[in-house]
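The residues making up each chain are set out below.
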Amino acid sequence: HVTWLCVTLLSVLYFTYCNEMWNQLDALTGLFNRRAFQAAVDETLLKRISGVFIFIDVDNFKDYNDKYGHANGDLCLKHFAAAMKKCFPKDSILGRYGGDEFVVYIKNAASDDAHRYMDEFQREISHLIMSGGEHVTVSASAGGVAFIGGGEDFVSLCRSADNMLYDVKRNGKGTFKIKGAKNM
């Protein structure tokens, strides 16, 4: 009876742990969902870990969905998530904010680092093969803001990065701009 009780207790604990982890992830991409991303960034900001907060948007995503269908739109989003995992440092906080919007907090990074990672990301996402074999050129627009250890919170960083993103989208898409830095 004691063995059965121990196995049952461990099973319940494991299920609870897995369920909590599953609730933190976006089901399509495997990245943090918005709520979990915000919690992880909030914790990082409380520790005053400097870095760069980036808001990323798939350029012309509605066109991909309309032309190739929603299944291929999902493939595009998965492609973006895989590229984020590959291109950003392992200790970065990666998330899907919603729809075709993604977010990343690159810990201990400066503006130059963020530009380098975003250039690599743009190269990685640029070619996508749809499920029907079509080769599609994909790009992203992104806006960022540096956190240097004080004064900002998640909401203000998000707002600043989002403003930079929309500045990029108004001026041609397919690039990255960071607040307060020389932009390429």
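Please refer to the structure placed before this passage.
Let me sum up the structure you'll find in this document. (Residues numbered from 1 in each chain as written. Predicted model: local features only at pLDDT ≥ 70, side-chain atom pairs only at ≥ 80, totals over all residues. Heavy atoms only, no water.)

1. Considering the pattern of salt bridges
The condition that has to hold: Only one rule defines a salt bridge in this text: a Lys or Arg side-chain nitrogen within 4 Å of an Asp or Glu carboxyl oxygen. Per the convention used, a helix needs a DSSP run of H or I reaching at least four residues, while a strand needs a run of E reaching at least two, with both numbered from the N terminus. The buried label goes to any residue with under 20% of its type's maximum accessible area, the exposed label to any with over 50%, and the partly exposed label to all in between, with areas taken from a 1.4 Å probe on protein chains only.
Scanning the entire structure with this criterion turns up nine salt bridges. Of the charged contacts in the structure, one is a salt bridge between D113 and R116, with a shortest N-O distance of 3.2 Å. You can see D113 and its partner R116 sitting in helix α5 (residues 111–125), three residues apart, about one turn around the helix. For R116, a relative accessible area of 47% gives the class partly exposed. In this structure, D167 engages R170 in a salt bridge whose closest nitrogen and oxygen atoms are separated by 3.6 Å.

2. Some remarks on the sheet that holds strand β3 (residues 101–107)
Operational definition: DSSP calls a pair of strands paired once it identifies at least 2 bridges connecting them. Between the N-to-C directions of two axes lies an angle of 0 to 180 degrees, each axis being a line fitted to C-alpha atoms and, for a helix, fitted only over the stretch in contact. For this analysis, residues touch if any pair of their heavy atoms sits within 4.5 Å.
The mixed open sheet is built from five strands, whose spatial order is β2-β3-β1-β6-β7. Since the sheet does not close on itself, it has two edges, and those belong to β2 (93–98) and β7 (176–179), each with one partner. Between one strand axis and the next, the sheet turns through 20° on average, direction left out of account. Where β2 and β3 come together, five bridges link them in antiparallel fashion. Its bridge partner lying in β3, I93 is registered against Y105. Helix α2 (residues 34–46) rests against β1 (51–58), β2, β3 and β6 (140–147) of the sheet, and its axis sits at about 140° to β2.

3. A look at the nonpolar core
Put simply, the test is: Definition of nonpolar core: a set of buried residues of the types Ala, Val, Leu, Ile, Met, Phe, Trp, Tyr and Cys, connected through side-chain atoms within 4.5 Å.
Grouped together as the largest cluster of nonpolar side chains are 33 residues, with contacts concentrated most on I54, I56, F80, M84, F88 and F121. Contributions of two or more residues to this core are made by β1, α3 (61–68), α4 (70–87), β3, α5, β6 and β7. In terms of residue count, α4 provides more of this core than any other element does, seven residues in total. Ignoring anything within four residues of it in the chain, the contact list for F88 reads I54, I56, L94, V104, I106, Y117, M118 and F121. Counting residues in hydrophobic clusters, the runner-up holds 17 residues, among them L45, I93, Y97 and L157.

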